[in-house]
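# Structural overview for review
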Amino acid sequence: MYKRIAQSWLKKQARVSEKQRALNRKVFNAMTKDEWHSISHISKGARLSERDTLKGLNSLKQGGLVWEDHRLYKRVR
């Protein structure tokens, strides 16, 4: 039983990470290089809600792909 629960948990985590990767890609592609963007500008470009955009930005910020300064975000690479 524990093995079955562990396998279902791993499958769920894989689905979550696939969704998060797709979300990150949308947010990253909505930003132009070397410009500061607000959350609303990025969410309009990515066609996502501000909540999903912020979730993607935080993930990209942890990965070092995005910088934050006073609620403005800049794409690094």
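Being a predicted model, the structure only gives us computed values, none of them experimental.

What follows covers the nonpolar core. Membership of the largest hydrophobic core comes to 13 residues, with the highest contact counts inside it found for Val27, Met31, Ile42, Leu57, Val66 and Tyr73. For this core, the elements supplying multiple residues, two or more each, are helix H1 (2-30), helix H2 (39-46) and helix H3 (50-63). When residues of this core are assigned to their parent elements, the largest contribution, four residues, is made by H1. Setting aside chain neighbours within four positions, we find Val66 in contact with Met31, Leu57, Leu60, Lys61, Tyr73, Lys74 and Val76.

It is worth spelling out the side chain of Ser43 at this point. Locating Ser43 in the fold gives a position in helix H2. Separated by 2.9 Å, the side chain of Ser43 and the backbone oxygen of Ser40 make a polar contact. Apart from residues no more than four positions distant in its own chain, Ser43 is found in contact with Leu48, Ser49, Glu50 and Thr53.

Glancing now at the pairing of strand S3 (residues 72-75). Examined bridge by bridge, strand S1 (residues 36-37) and S3 share two bridges and lie antiparallel to one another. Pairing of Trp36 across the sheet is with Lys74, part of S3. One ladder, built from four bridges, connects strand S2 (residues 66-69) with S3; its direction is antiparallel. From the neighbouring strand, Glu68 faces S3, where its bridge partner is Tyr73.

Next up on the list: H2. Within H2, the full set of buried residues consists of Ile39, Ile42, Ser43 and Ala46. Down the axis of H2, the smallest arc covering the buried residues is 100°, so these residues share one side. Away from the buried face of H2 by more than 90 degrees, exposed residues Lys44 and Gly45 are located. The positive-phi residue at the C-terminal boundary of H2 is Arg47, with phi of around 60°.

Moving on, we get to the confidence of the model for the protein chain. Here the protein chain averages 88 in pLDDT, and 95% of its residues register 70 or above. Per-element mean pLDDT across the protein chain ranges from 81 in H1 up to 96 in S1.

Conventions we followed
- Along each chain, residues carry numbers from 1 onward, in the same order as the chain's sequence is written.
- With pLDDT at 70 or above as the cut-off, local features in this predicted model cover only qualifying residues; side-chain atom pairs require 80 or more to be listed or tallied, and sums for whole chains, interfaces and linings still use all residues.
- With hydrogens and water stripped out, all remaining heavy atoms of the structure feed into the side-chain values.
- The term nonpolar core refers to a set of buried residues drawn from Ala, Val, Leu, Ile, Met, Phe, Trp, Tyr and Cys, joined through side-chain atoms within 4.5 Å.
- When a residue's accessible area, from a 1.4 Å probe over protein chains only, is under 20% of the maximum for its type it is buried; when over 50% it is exposed; and in between it is partly exposed.
- The helix count covers DSSP runs of H or I at least four residues long, the strand count covers runs of E at least two residues long, and both are numbered beginning at the N terminus.
- When checking whether two residues touch, look at their non-hydrogen atoms; a contact exists if any pair is within 4.5 Å.
- Pairs of N or O atoms are called polar contacts if they sit within 3.5 Å, as long as, within protein, a hydrogen donor faces a hydrogen acceptor (for residues adjacent in sequence, only side-chain-to-side-chain pairs).
- Each pair of strands is called paired provided DSSP finds at least two bridges between the two strands.
- Arc definition: directions from the helix axis to the C-beta atoms.
- For every residue, the predictor reports its confidence as pLDDT, a number between 0 and 100.

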